[in-house]
Structure formats: C-alpha cells, structure tokens
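If you want the building blocks of each chain, they are given just below.
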Amino acid sequence: MHPFHLATTRRRFLMASGALAASAALPNVLFARTGGSARLVVVILRGALDGLAAVPPYADPDYAALHRELAISAPGIPDGALLLDDTFGLHPSLAFLHERYRAGELVVFQAVASPYRDRSHFDGQNVLENGLTKPIGTADGWLNRALASLPPATGEAGERAVAISQNVPLILRGDAPVISKSPQATPDVDEELLARLADLYSGDDWFSARLSEAVQTDKLADDGGRATAMSMQTSGALKPATPERVSGVARMAATLMRSAGGPEVAVIEAGGWDTHANQGGAKGALAQRLAGLDKALRALADELGPLWAQTAVLVVTEFGRTAAMNGTRGTDHGTGGCAFLAGGAVRGGRVIAEWPGLSRTALLDNRDLRPTLDLRSVFKAVLDEHLHVDARTLATRIFPDSSGARPLQGLMRA
Amino acid sequence: MLQAEIAVLRFGLGARPGELTAAAGDPRGWLSTQVKGAVPRAGNVPLSPSDQIFTEVMAARDERQEIKREAAGRSAADPSGAAAAVAAFNPVRDAYLPHYRAQVLARAQSAALTTRPFAERLVHFWTNHFAVSSDKGAVFGIAGTLENEAIRPHVNGRFVDLLTAVEQHPAMIAFLDNQYSVGKESDLAQTAARREARRLSNGRMDDPDKPRRQFGINENLAREILELHTLGVNGGYTQRDVTAFAQIITGWSIGGGKGRLAGGVPGRFYFRGNLHEPGAKTFFGKTYYEQGQRQGEAVLADLCRNPATARFVATKLVRHFIADDPPPAAVERVAKAFVKSGGDLPHVYAALIEAPEAWDPEMKKFKTPEDFVFSTLRALNVSPFQPDEVTRTFDLLGQRQYTPGSPAGWPDTSRSWDGSDALMHRILWASRVGARFEQGTDPVDVAASSLGGYVRPETVTALRRASSSKQALALLLMSPEFQRR
C-alpha cells in the first residue's frame, strides 16, 4: 500500500520520492562545483604535536640539553634525524615525508603558530580552525568561508568538501555545503526506509538537507568503490585507535576525491599528540604516532594516484610544546611548533623557518619556542595560489585582523 | 502545555511507558524530588572497585615485564618470533577489558532502568564535565569507576566535595599524569641531587652518557582543573598560576608501586609527601601556608568560591539542559544560585528548573548518540544485558562510552553531532532496532508513550502507512521529534 516503487539506487529512489525536490531549494547542496583541478587535504593533529621532536633542530646548541632524552640526534647517528638541511631534520618515523622532501614535494615550516598565545588545547584548536585571532566570535571555519567565496560552477553533482568523520569539524562549518563521511560503511540501510524518511522530513529543512547529503555521499562512496569502504569498516568493538585507523581515514578521503563529482577538499583529524608523559624519542609513544601519520600520508598519496600531482596536503596542529622536557619524560603545552605542506602541487624541498633559537633569552615566557611565522600566512598562500581564492576576501572575510600575516609567496608550483 | 514532556524528555533521559503520566501532576516536583542524596546505579551488573582493578592490572604489568625479559633471553635464538610474541601479548589491556565492558553495560542498564532519570542525566553531565578517556591505556578499565565512585555519591551534594572527590580519584590522577609530578625541592628530588653530587665529587664517571632522571612537575592536571573543571579558560589565571598550582598538587598520587614509590593502599588516592614541593606558595594572588595535601585542598575550596567557577558551571548546565546558545538570563540565575548557596548543587539545579527558558516548548537540543540510545531503550522499555550490544552500538554511532578522547569531554552542541554521515549511522541503527523489537510492539503506542504531545500528526500518518512494524519503529526513532529534546 505504500506509494513508492523500488529503484536500483538510493539516489534514483530519492529522486522519485521527492527528496531531491526538497534539496533543490538549496541548489548548492547538490549542483555546485568549481570544476577546478586543484585538490586540498587538511590534516588536523589534535592535542599539540611536539614540533621539536617532529622537526628536530639538531644543530641548535641548546636543543639536546633542553629536550634531553626526547631529543632526536643529528642525521648520520643511529636513530638520528632524517636530513633536511644544516639546522633541521625530520623525525626518523617520517620516512614518506622525507621522500617527498627529496622529491621537491614537501615544505617544512618550523617556529610557526596561529595567533593564539595561551595554552588551552580547545581554544587553540578553535583559533586554528575559525581563522580569527580569538577562540570565540564565529561559528564557522576559515576553510568553509574560503569555499563559500569561490564562484559556483556547473558540473557533476557534489559538494566541494568532505570531512572524513561522522560529523563536520569547525574548520569546515559554515554556509558552503560540505559532506561528512566516515570510513565506517553503512551498507545495509534499507532504501525504502530512506525514501519514507525523506517524506517524513519534508517539513523539516534541517533533517531533509542532512538526509539528501547523506544519500549523495553514499553514492560517491559507491562510485569510488564500495569494496574499499567495506574493507575499512571498523569491525567489532574496542579496537584501539591504531595507526591503521588513520590510514583508513586517509584512504577514504582519497577514494572520495578520486570519484567522479567527488569533493576537491577533504579534512582529516588525528588525535593522540598530547604527550605530557613518556613521550619517547626516536622510539616510543610519539614515534609510533608519527609513523602512523606518515603511513596515512603515504596511503593518501597512493590512493590519489595521478591526482597527487595536483594535490596539496596541509598538516597542522594547535600549538607546539615546551622546549624543555618536563618532570614526567614528556612535554607540556607550548607555543611555536611545526607544520607541513606536501603534494605534487607544492614547490617543496625547503624548510621555511626564521629560527629564533632555544637560548634562554630567545624562548617565549622562558619556556616555549618563539613563533616567527603566522600560520595564517601559510593558509592564505595555499588558498590564494592553490584554490585561487580572491586576495581581498582572504584579507577580510576569511582571516579578519590578519594584516600582519601576509601570504607567503611561491608555495605552489606555477 | 507539554510540561510533563519537557520534564521527562529534556531533563530526564526520555520517557518509559507511563512516565509521562507519572510526571503530569507536578512536573517540577517530579524533577526536584530526584535531586536529593546519592544516585546509585540502577540495574544489576556487578562492578569491581577501582583499587581492585588497579591491583589486578599491576600484577598484569609485572607479568608483562617478566615475559619481556624472557623474550629478550630467547631473542638470540629466535629474534622475530620472540618479538612478535611480546607484541601480541598485552596483559594490561586484557586485565582491563572485562572491567571496561562491565562498566559500559552497567551504565546503559542504569540509564534504561532508572526511576530518577533527571539525577541520572546529571551524573552523565558531571562525568562529561570531569572527563577522563579510556583511550589512554593507563585508564582504560577504570574510566567508568570515576563516575560510580566520585560522581554518584556527590552529584546532589556540594560542588567542592564533588570536585575534591574527582581530583583525588585515581582515574583522574592517572589520566592527567599527576602521579609522578615531582617538586624540584621535594625530598625525592633533593636526595637524588645529593647522590648525584657525591657521585661527581668521587670522580666516578662510569657512564657519562646515561641520562640522569630529571625531576620536575607536570602541568596537565593543574591546567585542566582550572580550565575545564572550575574557572574556565577565561577565568583570569595566568601561566604562573598554572605552574604554582601544579607545584601545590605535587604528591597527589596513587598508592602502590615499588621502591621509592612504595606506600599507600594500592589503587587508592595517596599523598606522597616525598614528591611534594614544600613551603608556602602563591596562587591567584593569595599565599597558601597549608602543609602537604591540605594546600591543594585549600586551593580547590577557593576555586569553588570564585564567581568565575559559578558562571562557568552555570553556562555548561544551561547549555546542556536548555540550548546550545545558553540564554544569558538563565545563566545569570543559575550562577547566582551557585554563589548564594556556596555551590550547594540542589540549589543550583532548582534555579535551573525555575528558569522560564527551560520550559520553552521548542526542542532546541539535537540528541547526542548517548541521548538517542538511552531514550530508545526507555521508549521500548528494554534494557541491554550483553556488553557487546552496547559497545557495538556506540562504536557505530560514534560515541564510544567513557572515551571522549579529550579532557574537555564530549561536545555539547548540535553542530558537533549533526553530520550527514552521523545521520546515516543513526538510520542504520534505528532499522536494526526496529527489526529486533517489532514483535509485540505497536509503534503508534510507543510514539504516544515516549513523546506525548510532541508527536506530529504527519509522523503518526507515516507510522500507520509503513510497510511493516519494524519500518514504523525505525521511522519513529528517526522522526525529528524523537531526535530532539
């Protein structure tokens, strides 16, 4: 007695049932796309990565004494850093990033920070993502504002950006339509139920928009290869957050970006960087996390295949950690840290760092690496050179009060 | 209008059959009678106390050390095999796992069965306010004990007692790394320094490269107490206050251990005087002359008297119970009650209930996965009895119990839970629930008993037209009115 007929795909079915009619009131949700070829992946490391371990300043005279057993030795010594230049190296766990550096596809930033100067993770992450100089003041993120500023373009249906999680993090919230997709597959949702829900939601804009996004995203994942998604399904309960999980998330991002009509921008989050105790050095807890990150980036590149050539991957964290080891073989919340920009579209093979040094007088508040580069200078450069966001919009709407953070020049290949 | 529904759905955990009727006579009274005294768990899952779990885990850790030593001995003969055996064997995790599973099951049972759902929601609220996360290996199997041992006894008491119980609970101390935070002038550090000086003056340079153990503080617990548990990030403290407070609570540790860490009852809070930074200290403009453990307790008491704490707690309560954007008048009312009563929590809750904004019929909160699951159990009048069904559910819905991942707890705004992918996972779970519970269930009756006056006519029509009762149940659970509170 129900008024529906079965269709072969959820998408066609929803078209028949009127869900698409509901979302047609929001044309951007389904039909806007730039058609540009650039791809951007932002990896947010939540918890504050120790930049002095990830990008060891091995030649700094104060480094080893401050960082003690957490310090990474100079290149050439067993368990030593991977050579970048005559001051900096990479943590030995970051083999893939080092390959990309040598291939001219990685820029390493050191002594970098957002405008945030206190030491709360949560406010620090807010500033990293909202693009303001303070943790509150807007409910949307700079990446979303950047996408919203781009001219709508015709093309295959699909949103510009995806968050690889069940929900959308602050950096991607805002007016521009975005989708979320976790690596956990939802294979057996009954299509008739979806159609009836679409009907039930027709009086509720909020639910009907979410549902059509969800169905659309499922379609993308189908096109990109359901097999991949299935293989990444987190099975059973109680699996710890292993490096494999981050790799699965990265592969999901690549699968979606590769599919026809897929998103150009993806955001990935990885936690576990808050190393207050037993951080370890060349081996140990942080080394394992970094190896997981490195593996995930390799998986992303492998899965993107030829698209890697037009991709930029930005890896950022909310702040750095103390220059000195604390009393529990870890590091406490700091200020200046590191960031990475990798990809075939990146003019890499360089370290960008105005190194302030780690001497007592050079440290911020006697404890932290003093930042000499504003992260927004990096963000602006990537948005300008890679996604071609209008420079004036960048300086005003996307990053208000950022006149002190001028965009870096020449980060991307022409 | 809708007063009983608001009491039961927004302040409680969702209606069990008959609950709306029970609350209808006096919805405010129905709430206020719940917030007296301790709030024991409902249900019958046996749980071990944290000290016992800790003791088991310490034994497991010793076992692992033993195995590692053996493997090291064998590795010459069979290097890869021995290493693999060590990697595969994680007795600490194995010892913790049954406790974690029992705690998760117990939590779901209690939420499903309690006759004091407002008090139970407050327990959940404080557990999230004082969040510890089981994804840290050291607290995996004791994360849930904080809720049962520190929060349930004090949820209707004074905030200072709740706060002190939490900060002295082994799960919190281990989660935020305070057990080995050591003052530079402590007995332990001074003894080590004298030994080192003797060694050098004797000219013994047997192993000059060997790193000396450096003693010092760890700021983690001190910072999060200020930022997340009391004053809030804008509470006016500085880095200097964080450092001073960290020194004040050096020695707040856990009993058990060996060598210089011997002493105390294993697995219980233990003040280690030999780790404590001695002397008076200045924090937030006041000098504290108390000795030892009492110094930190004096600071906690002062933090509870600070109006910033009242405001911070009030804002979070109003956000949780009323709206993502807390109405300022309601925050003001609750904060005032906090200050006036000296942080007596039943007075604080009473102010929340009295706020007119709390009774706005518009449902402004989108349910978290936890809210969704617990209200579903109550609507269907069922209670889980297998840990696996609970853990799988919460893995699917993205809110693994006792695992918020960060000391800030789970986010408490719709925007953090309303992703399209999250919606698809809810639909999947709702359809599974529908298939499992369709027998003997009339979805239209469930709609009436679980939502009362909030059921929309179009939802009833959809339920009546559904092709099966399992589909109708799924539609009800996924209806906008069931997804909000």
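Residues numbered from 1 in each chain as written. Chains lettered and ligands numbered in written order. Predicted model: local features only at pLDDT ≥ 70, side-chain atom pairs only at ≥ 80, totals over all residues.

Draft legend 1. Layout of the overall build of chain A. Of the regular secondary structure elements, chain A holds 14 helices and 11 strands. Counting only residues that meet the buried cut, chain A has 60% of its 414 residues in that class. Across chain A, every contact between residues at least 6 apart in sequence was considered, and the portion connecting residues at least 24 apart equals 74%. (Helix = DSSP H or I, 4+ residues; strand = E, 2+ residues; numbered from the N terminus. Buried ≥ 20, exposed ≤ 12 C-beta atoms within 10 Å, placed from the backbone. Contact = placed C-beta atoms within 7 Å.)

Draft legend 2. Looking closely at the overall build of chain B. A count of helices and strands for chain B gives 24 helices and four strands. A compact globule built from 485 residues should have a C-alpha radius of gyration of about 23 Å, and chain B, at 26 Å, falls within 12% of that. Over its C-alpha atoms, taken along the principal directions, chain B stretches across nearly 90 × 65 × 35 Å. Taking all 485 residues of chain B together, the buried fraction comes to 53%. Of all intrachain contacts in chain B linking residues separated by at least 6 positions in sequence, the fraction that spans at least 24 positions is 74%. (Rg over C-alpha atoms; globule rule 2.2 N^0.38 Å.)

Draft legend 3. Structural context of the interface of chain A and chain B. Facing the 53 residues of chain A at the interface are 51 residues of chain B. Mapped by element, the contributors of at least two residues to the side of chain A that touches chain B are α7 (121-130), β6 (178-180), α9 (191-200) and α10 (205-231) of chain A. Among the residues forming the side of chain A that touches chain B, the class breakdown is 19 nonpolar, 18 polar and 16 charged. (Nonpolar A, V, L, I, M, F, W, Y, C, P; charged D, E, K, R; others polar.)

Draft legend 4. Quick look at helix α19 (residues 387-397) of chain B. Residue and element names in this part refer to chain B. Counted residue by residue, α19 has eight buried out of 11 residues, so it is predominantly covered. Turning to α19, its buried residues number three or more, namely P387, V390, T391, T393, F394, D395, L396 and L397. The inward-facing, buried residues of α19 contact α6 (91-113), α18 (369-379) and α20 (420-437). Taken from the residues just after α19, G398 is the one with a positive phi, measuring 80°.

Draft legend 5. Region of interest: the environment of E357 of chain B. All names here are of chain B. Among the secondary structure elements, E357 is positioned in the loop between α17 (345-354) and α18. Considering only alpha carbons, one finds E357 and Q293, 64 residues apart in sequence, at a separation of 42 Å. If we ignore the near neighbours within four places in the chain, the residues touching E357 are I322, P327, A329 and A330.

Draft legend 6. Geometry of the confidence of the model for chain B. For chain B, per-residue confidence averages 93 on the pLDDT scale, and residues scoring 70 or more make up 95% of the total. The ipTM value of the predicted complex is 0.89, and its pTM value is 0.87. (pLDDT = per-residue confidence, 0-100.)

Draft legend 7. Representation of the domain arrangement of chain B within the structure. The domains assigned to chain B are domain 1 (1-30), domain 2 (50-113 + 123-165), domain 3 (176-204 + 212-322 + 325-364) and domain 4 (369-483). Look at where the C-alpha atoms of domain 3 of chain B and domain 4 of chain B centre, and you get two points 38 Å apart. (Domains from an automatic or database assignment.)

Draft legend 8. The arrangement of the environment of H91 of chain A in detail. All names here are of chain A. Positionally, H91 belongs in the loop between β3 (89-90) and α6 (95-102). As for H91 and P57, which are separated by 34 residues in sequence, their C-alpha atoms are 10 Å apart. For H91, the contacting residues outside a window of four places in its chain are A53, A54, P56, I72, A81, A287 and L290.

Draft legend 9. Looking closely at the packing of α9 of chain A against helix α22 (residues 457-465) of chain B. The geometry of α9 of chain A relative to α22 of chain B is characterised by a closest axis approach of 10 Å and an angle of 155° between their N-to-C directions. In terms of their interaxial angle, α9 of chain A and α22 of chain B are classed as roughly antiparallel. Classified by chirality, the crossing of α22 of chain B by α9 of chain A is right-handed. Residues R196, D199 and L200 of chain A of α9 of chain A form the contact with α22 of chain B, whose own contacting residues are E458, T459 and A462 of chain B. (Axes fitted to C-alpha atoms, helices over the stretch in contact; angles between N-to-C directions. Parallel < 35°, antiparallel > 145°, perpendicular 65-115°, else oblique. Left-handed = near helix turned anticlockwise from the far one by under 90°.)

Draft legend 10. Fine view of the nonpolar core. Of all hydrophobic cores here, the largest spans 154 residues; its most connected members are L197 of chain A together with F245, V334 and L475 of chain B. Element by element, the count of residues in this core is highest for α6 of chain B, at 10 residues. Ignoring anything within four residues of it in the chain, the contact list for L197 of chain A reads L211 of chain A together with I427, L475 and M478 of chain B. (Core = buried A, V, L, I, M, F, W, Y, C linked by C-beta atoms within 7 Å.)

Draft legend 11. How the structure looks around the pairing of strand β4 (residues 106-113) of chain A. Residue and element names in this part refer to chain A. Within β4, eight of the eight residues are buried, which leaves it mostly tucked inside the rest of the structure. Pairing of β4 with strand β9 (residues 337-342) involves six bridges; the strand directions are antiparallel. Looking at the pairing, V108 lines up with F340 of β9. Where β4 and strand β10 (residues 350-352) come together, three bridges link them in parallel fashion. Bridging across to β10, V107 finds its partner in R350. (Pairing = 2+ DSSP bridges.)

Draft legend 12. Summary view of the pairing of strand β8 (residues 311-317) of chain A. Residues and elements named next belong to chain A. Counting buried positions along β8 yields seven of seven residues, so the element is predominantly enclosed. Residues T311, V313, V315 and T317 line one face of β8 and the alternating positions A312, L314 and V316 line the opposite face, and both faces are buried. Bridge count for strand β1 (residues 39-45) against β8 is seven bridges, and the pairing is parallel. Looking across to β8, one finds that V43 is bridged to V315. Here β8 runs beside β9; their pairing, made up of three bridges, is antiparallel.

Draft legend 13. Expanded view of the environment of V267 of chain A. Structurally, V267 of chain A is set in strand β7 (residues 265-270). Separated by 106 residues in sequence, V267 of chain A and A161 of chain A place their C-alpha atoms 7.9 Å apart.

Draft legend 14. Broad picture of the confidence of the model for chain A. Residue and element names in this part refer to chain A. Of all residues in chain A, 84% have pLDDT values of 70 or greater, and the mean over the chain is 85. A low-confidence stretch, residues 1-35 stays under pLDDT 50, and its non-local contacts, those more than four residues away or across chains, total 74 contacts. Overall, residues 226-241 carries pLDDT values under 50, and its contacts beyond four positions in sequence, including any with other chains, amount to 27 contacts.

Draft legend 15. Here's a closer look at helix α14 (residues 293-305) of chain B. Look at α14 of chain B: 19 Å from first C-alpha to last across 13 residues, which is about the 18 Å you get at 1.5 Å a residue. All of the buried residues in α14 of chain B are Q295, G296, V299, L300, L303 and C304 of chain B. (Expected span 1.5 Å × (residues − 1).)

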